[in-house]
Each structure stands twice: as structure tokens, then as C-alpha cells.
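So you can see what is in the structure, the chains are spelled out below.
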Amino acid sequence: MQRYSPLLEELIQTGADFHRRGWSLGTSSNYSVVVERDPMVVLLTGSGHDKGRLRPQHFVLVDNHGTSLHPDFPKPSAETLLHVVLARSAGAGAVLHTHSVAATVLSSSLLPTGSLELEGYEMLKGLSGIATHDTRVSLPIFPNTQDMIALSGEVEDRLLDKETPLRHGFLLSGHGLYTWGADLAEARRQVEVLEFLFEVSLHQRLLFPNHSKV
């Protein structure tokens, strides 16, 4: 793990920052960075660790199947397969999963619609590939499940769908956000932008329930 010390420090700082902002409280959330592509090796948070107090020993290296590469590593996150699928089929260099209040409430209440629609906000320009506020971003909402094989397969199918591919992220109902980027900095920016928009959307719905903009 010593060779990955700079990345570990970045991930530890990310956990502390997200904990402070209320996006990764307790042992919730998981983060990963791809450290090798051929063969694929992913540096991932282990299961059951407080994200505000991460240490180097709380991380694990996994392969393309989500299998730990050393018996002394901690148990990988239960959602490891989602990280592997996003690295493989979305080309993600880093994947971040958060559990904010806004994402939890919106993903639960909007599950019947299948997506959260975000439109017309200046902050949308912070998302990769978007150059104007005059755009509409649709974040799919998947039902939450403990069957990670089935869920990762469903997510991968959407990633490879040529008509409506997943682009910026997705939500798990009553759970939280998954987003990614070419590297950790881009993934962090995506989290910040989307979490801001989630709060806007939630406040909009609470204050103006009959005139919700998103």
C-alpha cells in the first residue's frame, strides 16, 4: 500500500471533508480510485469504517471481479462491484458514493418516477461535458437492494445503453448518490455540484410544492 500513499491521503481527506459536510456520516459511503488498468486494480475503502476517520489500513486493493488481492486487507465494501463496473464500463478513474440527507429523501420520494430531473441551474455547468445552464440532466434512480450482482448488472446495462447511457451519476432509493470522474478531483467536483443541486431541489419542493423546478 505504501506506493499509493499520495492517493490514500487524498481519499482520507475526501472522507474527512465529506463527513464534515454531512455527506458521509458514520460508516456510510465508499470511495475508490483505479490504480492500474491492465490488469485492473482498484483502491477501495474497506467495509465498516468511519469515513471521517479513515486511515491507510482501512483500504483494500481489488481486481476486476471485486476480489481482494491480499488476505490481510480489510473486507471490501459491500458495494465493490458497483465501483468495478463503473471503472470498467464508464471508464471511471475514481468513484465516489455519498449518503446525504437530500439525496436520501429525494431518491426515496422520486423512485416511482424513475429519475431526478435537474434543469436550468448555473451549477449544472460544473458537471463534465456541460457548457450551459440551459440544459436538463436526468439522474436515474435504482431501487435499493442487497443483491449487488443484480444491481451492478443493471447499472452496467445502462452504462452501455446507446440511447440513454448513464452519464453523470445515479441514485439508489433511500440510499444516496454514485458519481465518478476521470480522476479523484473530477469525481469530487461532480459530488459537490450534484449535492448542491440536491439541496436546491429539496428546498424547492418543500417551499413551493406546486411549482417545483426540478
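This text follows the structure it describes.
None of these values were measured; they are calculated from a predicted model. (Residues numbered from 1 in each chain as written. Predicted model: local features only at pLDDT ≥ 70, side-chain atom pairs only at ≥ 80, totals over all residues. Heavy atoms only, no water.)

Participant: Just to check I follow, could you spell out the overall build of the protein chain for this structure?
Facilitator: The number of helices and strands found in the protein chain is five helices and eight strands. When the elements of the protein chain are put in sequence order from the N terminus, they spell out α-β-β-β-α-β-α-β-β-α-β-β-α. Whereas a compact globule of 214 residues would reach a radius of gyration of roughly 17 Å, the protein chain reaches 17 Å, a difference of no more than 12%. When the backbone C-alpha atoms are referred to their principal axes, the protein chain occupies close to 55 × 35 × 35 Å. Looking at the protein chain alone, contacts between residues at least 24 apart form 62% of all its contacts between residues at least 6 apart. Of note, the protein chain has its 18 positive side-chain charges centred 4 Å away from the centre of its 24 negative side-chain charges. (Helix = DSSP H or I, 4+ residues; strand = E, 2+ residues; numbered from the N terminus. Rg over C-alpha atoms; globule rule 2.2 N^0.38 Å. Contact = heavy atoms within 4.5 Å. Lys, Arg positive; Asp, Glu negative; His and termini not counted. Charge placed at Lys NZ, Arg CZ, Asp CG, Glu CD.)

Participant: Help me out: how do you make sense of the packing of aromatic side chains in this one?
Facilitator: Each pair of aromatic rings is reported with the distance of its centres and the angle of its planes. Tallied over the full model, the rule gives five aromatic pairs. Centre to centre, the rings of Phe18 and Tyr31 are 5.9 Å apart; their planes meet at 85°, and the pair counts as edge-to-face. Taken as a pair, Phe18 in helix 1 (residues 5–20) and Tyr31 in strand 1 (residues 30–37) lie far apart in primary sequence, 13 residues in all. Grouping residues by exposure puts Phe18 and Tyr31 together as buried. Aromatic ring contacts, followed pair by pair, group Phe142, Phe170, Tyr178 and Trp180 into a single cluster. (Phe/Tyr/Trp six-rings, centres within 6.5 Å; stacked < 30°, edge-to-face > 60°. Buried < 20%, exposed > 50% of the residue type's maximum accessible area, 1.4 Å probe, protein only.)

Participant: Hey, could you run me through the nonpolar core in this one?
Facilitator: Generally speaking, nonpolar side chains in soluble globular proteins are found buried as a group. Residues Leu118, Leu124 and Phe198 are the most contacted members of the largest nonpolar core, which totals 21 residues. Looking at this core, the elements with two or more residues in it are helix 3 (101–109), strand 5 (115–119), strand 6 (136–142) and helix 5 (184–207). No other element matches helix 5, which puts six residues into this core. Leave out the neighbours within four places in its chain, and Leu124 touches Leu118, Glu119, Ile130, His133, Thr135, Val137 and Leu197. (Core = buried A, V, L, I, M, F, W, Y, C linked by side-chain atoms within 4.5 Å.)

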